[in-house]
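Observations on chain architecture
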There are 2 protein chains.
Amino acid sequence: MTTVNAMNLAEVGSLVGDVARAQMLTALLDGRALTAGELAWCARITPQTASGHLAKLQAAGLLAMEKQGRHHYFRLASRTVANMLESMQVVCAVDAPRRIRPESRIDKEMRLARSCYDHLAGVLGVSLADALARQGAVDLSADGGMVTDKGRALLAGFGIDVDALDARKRCFCRPCLDWSERRHHIAGSLGKGLADHLFDLGWITRVKDSRVIRVTPTGQRGLEKTFAIDHPA
Amino acid sequence: MTTVNAMNLAEVGSLVGDVARAQMLTALLDGRALTAGELAWCARITPQTASGHLAKLQAAGLLAMEKQGRHHYFRLASRTVANMLESMQVVCAVDAPRRIRPESRIDKEMRLARSCYDHLAGVLGVSLADALARQGAVDLSADGGMVTDKGRALLAGFGIDVDALDARKRCFCRPCLDWSERRHHIAGSLGKGLADHLFDLGWITRVKDSRVIRVTPTGQRGLEKTFAIDHPA
DNA sequence: GGCACGTTTCGGCCGCCGCCGAAGCGTGAA
DNA sequence: TTCACGCTTCGGCGGCGGCCGAAACGTGCC
């Protein structure tokens, strides 16, 4: 009905609807900023083509740009954009139930553990959510999640200051549907706090130029001991 | 990186990225099922063109179809799809901060009150969320929302059986960013329960062939008395 | 059976948009 | 100043995809 909205919707859709642009957006989905050249490489296109795409994405407000010398750094403009892309990926995964899915090595690692803007996803993300739920630390459902009093104590003991994450509200634990596992993992400020803490502890590390995350040997032991998670290498 | 994902993402994007298809999806966003002909009319295209679009959307799993005599009824395939479209609309509204926005009458009414798949949005939706938060019935934040014990009692008194909405979990109150108000309203099972109850009471009614919702005179008085909401006519 | 109607299939036209080569601009290093 | 490098702009080519007219299919009504 409201043609103006449908037009805007179509506009955003068609921006994401190009393979090259979708590849660039996917590459930016871990929240870091990349240069125009890096993004061109990600999308396997020439710099001049990428430049055009990036200009469009920026004009539409999906990307933010920052100049640093002769490099132009692009990142997702907001968490809102990241949420949108995540929700689109969920639909991709859910509706194409059994498409031909070439199980490349990088895909396999992505399924195992990856960053999802500012929190963890994949088998690792879901395992963590399960472990916290099993211990009665969080209460997850499709509509929302909350940290229990027991959970506050437990997380504090682990080194995460729950109160600092969100001083006022009791609900800062958003469930986020995992496109590979098709189950919920923990997003929101707790998700971010959890991921940050695991990075700080050296339990997990990023793989260069990718959203893939690897669990270190220390992390393996830590996850086993703290959360009873047996993460496959 | 993972080319397979980016391709799927682009696929979904380009499906939404066509103006005609976007209009049809927007029309279906209130959760009802419409016939192919009605959808063609919504998108201002001929039936044969619409048929092609609908076939694509169905093949991709965005729409579900049900035959009834010679009519083919289409609806959004899942809540997941509705969530995706909502999150895309939020991005539309947020990024184009001050686009030329022709304030048509229908747009004005949409901003005032509309259905959002299965719950309420617009000024009305946000007012309700505000009122419930002000009374300490719910606890909303960007990451999640929960109903307090006080809220359970209050809603029960109003005629909504909170326990029946979700027997186990305490969090069934999802915040949903309103694209017109740019603030949160209440979604999730509580959002649906609330909307359903207001329809049952006859406080609100749907406007034919649109997502617009009107508050009845009875509703005006009821909202004023129960929630201290002064909804403009 | 005959007709009306809603929907789909087919075929061909047309326009938009992504792509790259070449060239131009701004920045940093020598 | 000169060069190298990253990024952008311009111009032209090519293909994908949306659009409609015509016609076929299936269903319900008379």
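Above this text sits the structure in question.
Read on for an overview of the structure. (Residues numbered from 1 in each chain as written. Chains lettered and ligands numbered in written order. Predicted model: local features only at pLDDT ≥ 70, side-chain atom pairs only at ≥ 80, totals over all residues. Heavy atoms only, no water.)

**A look at the overall build of chain A**
- Within chain A one finds eleven helices and eleven strands.
- By the burial criterion, 54% of the 233 residues in chain A qualify as buried.
- Taking as baseline every contact in chain A between residues at least 6 positions apart, the subset at least 24 positions apart corresponds to 57%.
- Working note: accessible area of chain A is about 10200 Å², and carbon and sulfur atoms make up 53% of it. (Helix = DSSP H or I, 4+ residues; strand = E, 2+ residues; numbered from the N terminus. Buried < 20%, exposed > 50% of the residue type's maximum accessible area, 1.4 Å probe, protein only. Contact = heavy atoms within 4.5 Å. Areas by Shrake-Rupley, 256 points an atom, 1.4 Å probe, with all protein chains shown as cover.)

**Observations concerning the sheet that holds strand β1 (residues 34–35) of chain B**
All names here are of chain B.
- Taken together, the three strands give an open sheet; going across it, the order is β1-β3-β2, and neighbouring strands pair in antiparallel fashion. Pairing within the sheet leaves two strands with one partner each, and these edge strands are β1 and β2 (63–68).
- As judged from the two bridges shared by β1 and strand β3 (residues 71–76), these two strands associate in the antiparallel manner. Bridge pairing links Leu 34 to Phe 74 in β3.
- Each of β2 and β3 is contacted by helix α4 (residues 47–59), which is oriented at about 120 degrees to β2, the strand it contacts most. (Pairing = 2+ DSSP bridges. Axes fitted to C-alpha atoms, helices over the stretch in contact; angles between N-to-C directions.)

**Overview of the layout of surface pockets**
- Considering only enclosed or pocket space, the largest pocket measures out at about 1100 Å³ in volume.
- If you trace the largest pocket, you find 40 residues lining it, with Asn 83, Arg 174 and Pro 175 of chain A together with Arg 174 and Pro 175 of chain B closest to the centre.
- Contributions of two or more residues to the lining of the largest pocket are made by α5 (79–95), β8 (174–177) and α10 (188–201) of chain A together with α5 (79–95), β8 (174–177) and α10 (188–201) of chain B.
- With seven residues, the top contributor of residues to the lining of the largest pocket is α5 of chain B.
- Of the residues belonging to the lining of the largest pocket, the class tally is 14 nonpolar, 15 polar and eleven charged. (1 Å grid on protein atoms, 1.4 Å probe; cavity = no way out; pocket = protein on both sides within 12 Å on 5 of 7 lines; lining within 4 Å. Points joined across faces, edges and corners; volume = space filled by probe spheres on them. Nonpolar A, V, L, I, M, F, W, Y, C, P; charged D, E, K, R; others polar.)

**As for the protein's contact with DNA strand C**
- Residues in contact with DNA strand C amount to 20 residues; listed here are only the nearest, Arg 21, Gln 48, His 53 and Lys 56 of chain A together with Gly 37 of chain B.
- By atom count, sugar and phosphate contribute 67% of the portion of DNA strand C lying within 4 Å of the protein.
- Residue Arg 21 of chain A places a side-chain N or O atom 2.9 Å away from a phosphate oxygen belonging to DNA strand C.
- Elements that contribute at least two residues to the surface near DNA strand C include exactly α2 (19–27) and α4 (47–59) of chain A together with α3 (36–43), α4 and β3 of chain B.
- Its residues placed into classes, the surface near DNA strand C shows four nonpolar, eleven polar and five charged. (Near = heavy atom within 4 Å. Polar contact = N/O pair within 3.5 Å; in protein donor to acceptor, adjacent residues only side chain to side chain.)

**A closer look at the environment of Val 123 of chain A**
All names here are of chain A.
- Note that Val 123 resides in helix α7 (residues 122–134).
- For Val 123, a relative accessible area of 23% gives the class partly exposed.
- If we skip the residues at most four places from it in the chain, Val 123 touches Arg 111, Leu 112 and Glu 181.

**Notes on the sheet that holds strand β1 (residues 34–35) of chain A**
Residue and element names in this part refer to chain A.
- One open sheet accounts for three strands, arranged β1-β3-β2; its pairing is antiparallel. Both edges of this open sheet fall to β1 and β2 (63–68), since each of them pairs with a single strand only.
- Docked against the sheet, α4 engages β2 and β3 (71–76), running at close to 120 degrees with respect to β2.

**Details of the protein's contact with DNA strand D**
- Of all residues adjacent to DNA strand D, which total 19 residues, the nearest are Ser 51 of chain A together with Arg 21, Gln 48, His 53 and Lys 56 of chain B.
- Each atom of DNA strand D within 4 Å of the protein belongs either to a base or to sugar and phosphate, the latter forming 65%.
- Within the side chain of His 53 of chain B, a nitrogen or oxygen atom sits 2.5 Å from a phosphate oxygen of DNA strand D.
- Measuring from a base oxygen of DNA strand D, one finds a side-chain N or O atom of Arg 70 of chain B at 3.4 Å.
- At the level of secondary structure, the elements contributing two or more residues to the surface near DNA strand D comprise α3 (36–43), α4 and β3 of chain A together with α4 of chain B.
- Residue contributions to the surface near DNA strand D peak at four residues, all from α4 of chain B.
- Of the residues contributing to the surface near DNA strand D, the split by class is three nonpolar, eleven polar and five charged.

**Some thoughts on the pairing of β3 of chain B**
Residues and elements named next belong to chain B.
- Bridge count for β2 against β3 is six bridges, and the pairing is antiparallel. Paired with Lys 67 across the two strands is His 72, which belongs to β3.
- Between β2 and β3, which pair antiparallel one after the other, the connecting turn spans two residues, and Gly 69 there sits at a positive phi close to 65 degrees.

**Examining the pairing of strand β9 (residues 184–187) of chain B**
All names here are of chain B.
- Bridge analysis of β8 against β9 gives four bridges, and the strand direction is antiparallel. Looking at the pairing, Pro 175 lines up with Ile 186 of β9.
- Taking the residues that link successive antiparallel strands as the turn, the β8-β9 hairpin has six residues, and the phi of Arg 182 there is positive, at about 60 degrees.

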